[in-house]
Amino acid sequence: LISPALCRGLTLAECQHRDETAVDHSRRLSQLVSKTGYLRVLVLLVQFPDHRERDLPDPSALQQLFTGSQHNEIIPTGSLQNWVGVNSYGKLRVDAEVQPWVITDKNEDVYANGQSGIYHSFSKSFFPALDALEARGFDFSRFDQNGDGIIDAIVMLHSGYAAEISGLDCNNNRDKTNRIWSHAIPGVPPSDAWKGRTH
């Protein structure tokens, strides 16, 4: 199920464990996401403290990437919202709300944890962004459609070069195990879950 590139440099047992984890995540994610109706997604933009000097995309450009309706130089093939609408035959509408960039509390390699960030505690990397939203009175209930007190869907975009590109980061020579691999965490153990004061 996972890309063979993810197994480069791993033992067979480590690769099989990652594959089993990916299968489990995929199964759990498909149970969480409805295939019809409406899904509102909270999009967090997280900058690692050791990336302060790096250029970052403007949140308005990223908003277009998620929900733009007109093809342009940012979304020449359409937005995520367009893609989901077409591929669900109009049965599912995804609406995303991109938040401003927030600097998290630890450097990228700390959150990568020598595992490319593929572990449940990685979700703690975006807690500072959630804390910042809460401090300014953000209404999280808009992202909890079933009223269970849990945000239904979060997408976190981060600074830095994706680990799946492999090679070394040209800014700090980090290898892929010390950068973040794009992945999904479909449900976080309660011990690793963010607990806001207001939601």
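Residues numbered from 1 in each chain as written. Predicted model: local features only at pLDDT ≥ 70, side-chain atom pairs only at ≥ 80, totals over all residues. Heavy atoms only, no water.

With that settled, consider helix α5 (residues 127-135). For an α-helix the count is 3.6 residues per turn, leaving residues at separations of three or four pointing the same way. By the burial criterion, the buried members of α5 are Phe 127, Pro 128, Ala 129, Leu 130, Leu 133 and Glu 134. Residues of α5 that are buried sit in contact with β1 (37-47), β2 (92-103) and β3 (154-158). (Buried < 20%, exposed > 50% of the residue type's maximum accessible area, 1.4 Å probe, protein only. Helix = DSSP H or I, 4+ residues; strand = E, 2+ residues; numbered from the N terminus. Contact = heavy atoms within 4.5 Å.)

With 20 residues, the main nonpolar core has Leu 42, Leu 44, Leu 130 and Phe 140 as its most contacted residues. Residues Leu 62, Leu 92, Val 94 and Val 98 belong to the second largest nonpolar core, which totals 12 residues. (Core = buried A, V, L, I, M, F, W, Y, C linked by side-chain atoms within 4.5 Å.)

Next up on the list: the packing of aromatic side chains. Applying the stated criterion across every chain yields a total of four aromatic pairs. Look at Phe 126 and Phe 127: their rings are 6.4 Å apart centre to centre, the planes differ by 80 degrees, and that puts the pair in the edge-to-face class. For Phe 126, a relative accessible area of 13% translates into the label buried. Measuring from ring centre to ring centre gives 5.8 Å for Phe 138 and Phe 143, while their planes differ by 15 degrees; the resulting arrangement is stacked. Residue Phe 138 is classed as buried on the basis of its relative accessible area, which comes to 11%. (Phe/Tyr/Trp six-rings, centres within 6.5 Å; stacked < 30°, edge-to-face > 60°.)

Take the confidence of the model for the protein next. Of the residues in the protein, 79% have a pLDDT of 70 or more, and the chain-wide mean is 82. Averaged pLDDT values for the elements of the protein fall to 67 in helix α1 (residues 12-32) and rise to 95 in helix α2 (residues 59-67). (pLDDT = per-residue confidence, 0-100.)

Take the sheet that holds β1 next. Overall, parallel pairing links the three strands, which are arranged β2-β1-β3 in an open sheet. In the strand order of this sheet, the two ends are held by β2 and β3, each with one partner. The average angle at which neighbouring strand axes cross in this sheet is 20 degrees, direction not considered. Bridging between β1 and β3 involves five bridges; their strand directions are parallel. The partner of Leu 42 across the bridge, within β3, is Ile 154. The sheet contacts of α2 involve β1, β2 and β3, and relative to β2 the element is tilted by about 165 degrees. (Pairing = 2+ DSSP bridges. Axes fitted to C-alpha atoms, helices over the stretch in contact; angles between N-to-C directions.)

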